[in-house]
Amino acid sequence: MRLSSLRPEHRGQVSELLIATAAFSSEEVEVALELFDATYPSCRPERSEGPAFANDEMADYEFLGAFDVGDQLLGYACFGPTPSTDGTWDLYWLAVHPAAQGRGAGRALVREVEQILVARQGRLLAVETSSRESYAHSREFYARCGYTEAARVRDFYAPADDRIILTTRLMARPVGVATR
Ligand SMILES: CC(C)(COP(=O)(O)OP(=O)(O)OC[C@H]1O[C@@H](n2cnc3c(N)ncnc32)[C@H](O)[C@@H]1OP(=O)(O)O)[C@@H](O)C(=O)NCCC(=O)NCCS
């Protein structure tokens, strides 16, 4: 598996992957692709004459991909600095293609994002999730990766659907030490 930044030409694979997971509503897929388009405006013909980034805020999203040997996108993470904080970052999106799930791609992406941010003096990485049963696997995944509940806003998304903020302290991991 190879980890590297996404490029504009990966948009099709990102779209296909998001839909294939069946984990996201069509609105959520749309939002995820909007972030991609704002970060890589050259892949949207109508925006191709604009600046490299739509605006300063959007320049703060970064995309990291996990690829197989044939350069097929297995999964990706989208992250960025949390505005008005000192060293806090958000992991906005994480998705692994169903055909590649359970083989370490998700964990590898999370660990790589963490190490990128450690190198930038990041302190805290935050992820938002929902208390709904359908998100139980996602909560379990993050728990396995060492993320713990830092805050919960009850009934935030809907009655009985809490907003849960999970965080991890960013720290350097010695080279060669298993990232589990
Ligand atoms: C959640 C997701 C990113 C995990 O990626 P993955 O590549 O399958 O996960 P990994 O193989 O790296 O697994 C890492 C750990 O999480 C655990 N895990 C992964 N998926 C899990 C699941 N569905 N239920 C319970 N545990 C799970 C694994 O068992 C492993 O733990 P262990 O090694 O300690 O046993 C992936 O399933 C996915 O994209 N799901 C749909 C989208 C989503 O929910 N994204 C996250 C919220 S935005």
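Draft legend 1. Here's a closer look at the overall build of the chain. When helices and strands are counted, the chain shows four helices and seven strands. In the chain, the succession of helices and strands from N to C terminus is β-α-α-β-β-β-α-β-α-β-β. The 180 residues of the chain split such that 41% are buried. On the chain, roughly 10000 Å² of surface is accessible, and the fraction owed to carbon and sulfur atoms is 52%.

Draft legend 2. Molecular detail of the nonpolar core. Grouped together as the largest cluster of nonpolar side chains are 23 residues, with contacts concentrated most on Phe-79, Leu-91, Val-113, Leu-117, Leu-125, Tyr-142 and Tyr-147. What Tyr-147 contacts, discounting residues up to four positions off in sequence, is Val-110, Glu-114, Leu-125, Val-127, Tyr-142, Leu-166, Thr-167 and Thr-168. Counting residues in each nonpolar core, the second largest holds 18 residues, with Leu-18, Tyr-61, Phe-67 and Trp-93 among its members.

Draft legend 3. Highlighting the site of the ligand. In the neighbourhood of the ligand, 18 residues make up the surrounding shell, with Leu-94, Val-96, Gly-102, Gly-104 and Gly-106 lying closest. Here Gly-102 contributes a backbone N or O atom positioned 2.7 Å from an oxygen atom of the ligand. At 2.8 Å from an oxygen atom of the ligand is found a main-chain nitrogen or oxygen belonging to Gly-106. Burial of the ligand by the protein amounts to 79% of the accessible area it has alone, namely 900 Å². Put simply, the parts of the chain that give the shell around the ligand at least two residues each are β4 (88-96), α3 (105-119) and α4 (136-144). Of the residues belonging to the shell around the ligand, the class tally is seven nonpolar, six polar and five charged.

Draft legend 4. Quick look at unusual backbone geometry. At Ser-84, a residue that is not glycine, the phi angle is positive and equals roughly 65°. Following the sequence through the fold, Ser-84 ends up in the loop between β3 (73-81) and β4. Of note, Ala-160 is a non-glycine position whose phi angle comes to about 65°, a positive value. Among the secondary structure elements, Ala-160 is positioned in the loop between β6 (148-158) and β7 (161-169).

Conventions and cut-offs
- Throughout, residues of each chain are indexed from 1 in the direction in which the sequence is written.
- Local features in this predicted model are restricted to residues of pLDDT 70 or higher, and side-chain atom pairs are both shown and tallied only at a pLDDT of 80 or more, whereas totals for entire chains, interfaces and linings draw on every residue.
- Only heavy atoms go into the side-chain values, all of them from the structure, while hydrogens and water stay out.
- In this text, helices come from DSSP runs of H or I with a minimum length of four residues, and strands from runs of E with a minimum of two, each type numbered from the N-terminal end.
- For every residue, the accessible area obtained with a 1.4 Å probe (protein chains only) is divided by the maximum for its type, and the residue is called buried under 20%, exposed over 50%, and partly exposed between those limits.
- Computed with a 1.4 Å probe, the accessible areas rest on the Shrake-Rupley method; for each residue, only the protein chains presented here act as cover.
- In these notes, a set of buried Ala, Val, Leu, Ile, Met, Phe, Trp, Tyr and Cys residues joined through side-chain atoms within 4.5 Å is what counts as a nonpolar core.
- We call two residues in contact whenever any of their non-hydrogen atoms come within 4.5 Å of each other.
- Proximity is defined per residue: any heavy atom of the residue falling within 4 Å of a molecule or strand makes that residue near it.
- Throughout this description, a polar contact denotes any pair of N or O atoms lying within 3.5 Å of each other; where both atoms belong to protein, one of them has to be capable of donating a hydrogen while the other can accept it, and for residues adjacent in sequence the pair is counted only when both atoms sit in side chains.
- Under the grouping applied here, Gly and all other residues not named as nonpolar or charged are polar, the nonpolar ones being Ala, Val, Leu, Ile, Met, Phe, Trp, Tyr, Cys and Pro and the charged ones Asp, Glu, Lys and Arg.

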